[in-house]
Amino acid sequence: EAMNNNVLIRNELRSEWRKVEEVTRDAFWDQFQPGADEHFILHCLRESDDFIPELNFIAEVDGNITFGPLCVLKEYRKLGIGRSLVKHSVEVATKMGFRAVIIYGDPRYYGRLGFRCGEKYDIKTPTDKFAVALMVLPLVPNIENLIGGKFYESTAFNFDEKDLEDFDSTFPPREKSITESQREFQVLQSLKYKAD
């Protein structure tokens, strides 16, 4: 556990899974697409072989879960909670012996946290392209000489839309909208290019 101002960062408990899925759904609703699928991805990740419970953190502010493994509720953004959680996660991952953190994320956010485009480390998509949103954070010195290759997401990201609909139907109904952030995300997601 780590305390930063009024924020408590700790491992998620199994009894909190549903609450964290609700927070994740609320935080991502209409952010990158009409509705959200991140809460279902989180649900699927926990059941996959790729799940690392020791790196599954949440943040609490005044006893309320405000940050799940993937998100910060809108009313708690721009308070440094996400930065604190990423920093804590990176410290634990480093102690566990991981050499790097590789994610798909918005470079405008993750770049401020030290992540760099995968191209710098010769990390490509499964289709052998560099992607602007494929971000790498080295956890050991001189990693440029140690890595390279293709990044494959967990199979938890490959789900049937019907399974998502069934899962989402267990949450309160919400109206889906088209937003500017979705248009920005589509542009970021499309920025892939072949290596020279």
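Conventions adopted
- All chains use their own residue numbering, which begins from 1 and follows the written sequence.
- Note on the predicted model: pLDDT of at least 70 is required for a residue's local features to be given, and 80 or more for side-chain atom pairs to be given and counted; whole-chain, interface and lining totals, by contrast, use all residues.
- As a convention, hydrogens and water are excluded, and side-chain values are obtained from all of the structure's heavy atoms.
- Note on scores: pLDDT gives the predictor's confidence for each residue, bounded by 0 and 100.
- Runs of H or I in DSSP of at least four residues are treated as helices and runs of E of at least two as strands, each being numbered from the N terminus.
- Only heavy atoms enter the contact rule, under which two residues are in contact if any of them lie within 4.5 Å.
- At least two DSSP bridges between two strands are required for those strands to pair.
- Multiply 1.5 Å by the residue count of a helix minus one, and that product is the helix's expected span.
- Between buried and exposed lies partly exposed: a residue is buried under 20% and exposed over 50% of the maximum accessible area for its type, with that area taken using a 1.4 Å probe on protein chains only.
- Computed over the protein atoms alone on a 1 Å grid, cavities are sets of points where a 1.4 Å probe fits but cannot get out and pockets are open sets with protein on both sides within 12 Å along at least five of seven lines; a residue lines them when it has an atom within 4 Å of a point.
- Grid points are joined across faces, edges and corners, and a volume is the space filled by probe spheres set on the points.
- Residue classes follow a fixed rule: Ala, Val, Leu, Ile, Met, Phe, Trp, Tyr, Cys and Pro count as nonpolar, while Asp, Glu, Lys and Arg count as charged, and any other residue, Gly among them, counts as polar.
- Helix axes use the C-alpha atoms of the stretch in contact, all axes being lines fitted to C-alpha atoms, and the angles between their N-to-C directions lie in the range 0 to 180 degrees.
- Our angle categories are set so that under 35 degrees counts as roughly parallel, over 145 as roughly antiparallel, 65 to 115 as roughly perpendicular, and the remainder as oblique.
- Here, the term disulfide refers to a pair of cysteine sulfur atoms separated by no more than 2.5 Å.
- The salt bridge criterion pairs a side-chain nitrogen of Lys or Arg with a carboxyl oxygen of Asp or Glu, the two atoms within 4 Å.

Q: I tried to follow the confidence of the model for the chain on my own but got confused; where do I start?
A: Close inspection of predicted coordinates is inappropriate for parts of the model with low pLDDT. Across the chain, pLDDT averages 92, with 96% of residues at or above 70. Here strand β1 (residues 2-4) is the element of the chain with the lowest mean pLDDT, 65, and helix α5 (residues 161-168) is the one with the highest, 98.

Q: Help me out: how do you make sense of the side chain of Glu-16 in this one?
A: Along the polypeptide, Glu-16 turns up in the loop between β2 (7-11) and α1 (17-28). Apart from residues lying up to four places away in sequence, Glu-16 is in contact with Arg-10, Asn-11, Ile-58, Glu-60 and Ile-65.

Q: Sorry if this is basic, but what is going on with the sheet that holds strand β6 (residues 100-104) here?
A: Each strand in a sheet pairs with its neighbour through backbone hydrogen bonds, running either in the same direction (parallel) or in the opposite one (antiparallel). The strand order across the open sheet formed by three strands is β6-β10-β7, and the pairing between neighbours is antiparallel. Of all strands in the sheet, those bounded by a partner on one side alone are β6 and β7 (116-117). Here five bridges tie β6 to strand β10 (residues 134-138), and the two strands are oriented antiparallel to one another. Counted as the bridge partner of Ile-103 is Met-135 from β10.

Q: What exactly am I supposed to notice about helix α3 (residues 81-95) here?
A: Think of an α-helix as turning once every 3.6 residues; residues three or four places apart then point the same way. Taking 1.5 Å of rise per residue, 15 residues should cover 21 Å, and α3 covers 21 Å from first to last C-alpha, within 8% of that figure. Inspection of α3 places Ile-81, Gly-82, Ser-84, Leu-85, Val-86, His-88, Val-90 and Ala-93 among the buried residues, and these make up the whole buried set. Note on α3: the residue one or two positions beyond its end, Gly-97, has a positive phi of about 100°.

Q: What should I look at first to understand the layout of surface pockets in this one?
A: The method is simple in principle: a probe with the dimensions of a water molecule rolls over the atoms, and the space it marks as empty is what remains. Of the voids in this model, the second largest pocket is the one considered here, and its volume is about 160 Å³. The wall of the second largest pocket is formed by Gln-33, Pro-34, Ala-36, Asp-37, Glu-161, Leu-164, Glu-165, Asp-168 and Lys-176. Considered class by class, the residues forming the lining of the second largest pocket number three nonpolar, one polar and five charged.

Q: Which parts of the structure should I look at to understand the environment of Tyr-152?
A: Structurally, the position occupied by Tyr-152 is in the loop between β11 (149-150) and α5. Judged by its relative accessible area of 55%, Tyr-152 falls in the exposed class. With 127 residues separating them in the primary sequence, Tyr-152 and Arg-25 have C-alpha atoms 24 Å apart.

Q: Honestly, the packing of helix α2 (residues 38-46) against α5 in this entry has me stumped. Any pointers?
A: When two helices pack together, you describe them by how their axes are tilted relative to each other and by the distance separating the axes. At a minimum axis separation of 10 Å, α2 and α5 run at an interaxial angle of 100°. Put simply, α2 runs roughly perpendicular to α5. Within the contact between the two elements, α2 uses His-39, Phe-40 and His-43 and α5 uses Asp-163, Leu-164, Phe-167 and Asp-168. A per-class count over the contact of α2 with α5 returns three nonpolar, two polar and two charged.

Q: Honestly, the state of the cysteines in this entry has me stumped. Any pointers?
A: Disulfides are covalent bonds that link the sulfur atoms of two cysteine residues. Enumeration according to the criterion identifies zero disulfides in this entry. Cys-71 provides the cysteine sulfur closest to Cys-44, a residue in no disulfide bond, and the two sulfurs are 16 Å apart. Classification of Cys-71 by relative accessible area gives buried; the value is 5%.

Q: Teacher, can you tell me more about the packing of α1 against α2 here?
A: α2 packs onto α1 with a crossing angle of 145° between their chain directions and a minimal axis gap of 7 Å. Facing Trp-17, Val-20, Glu-21, Thr-24, Arg-25 and Phe-28 of α1, the residues of α2 in contact are Glu-38, His-39, Leu-42, His-43 and Arg-46. Looking at the contact of α1 with α2 residue by residue, the class counts come to four nonpolar, three polar and four charged.

Q: How do you make sense of the pattern of salt bridges when you look at a structure like this?
A: A complete count under the given rule lists 14 salt bridges for this structure. Close ionic contact of Lys-162 with Asp-166 constitutes a salt bridge, the shortest N to O distance being 2.7 Å. Taken together, the positions of Lys-162 and Asp-166, both in helix α5 and four residues apart, correspond to about one turn of that helix. Here Asp-166 falls in the partly exposed class, since its relative accessible area comes to 37%. The closest approach of N and O atoms between Glu-180 and Arg-183, which form a salt bridge, is 3.2 Å. Taken together, the residues Glu-180 and Arg-183, both in helix α6 (residues 180-190) and three residues apart, mark about one turn of the helix. Taken together, the salt bridges that share partners define one network made up of Asp-122, Lys-124, Asp-128 and Lys-194.

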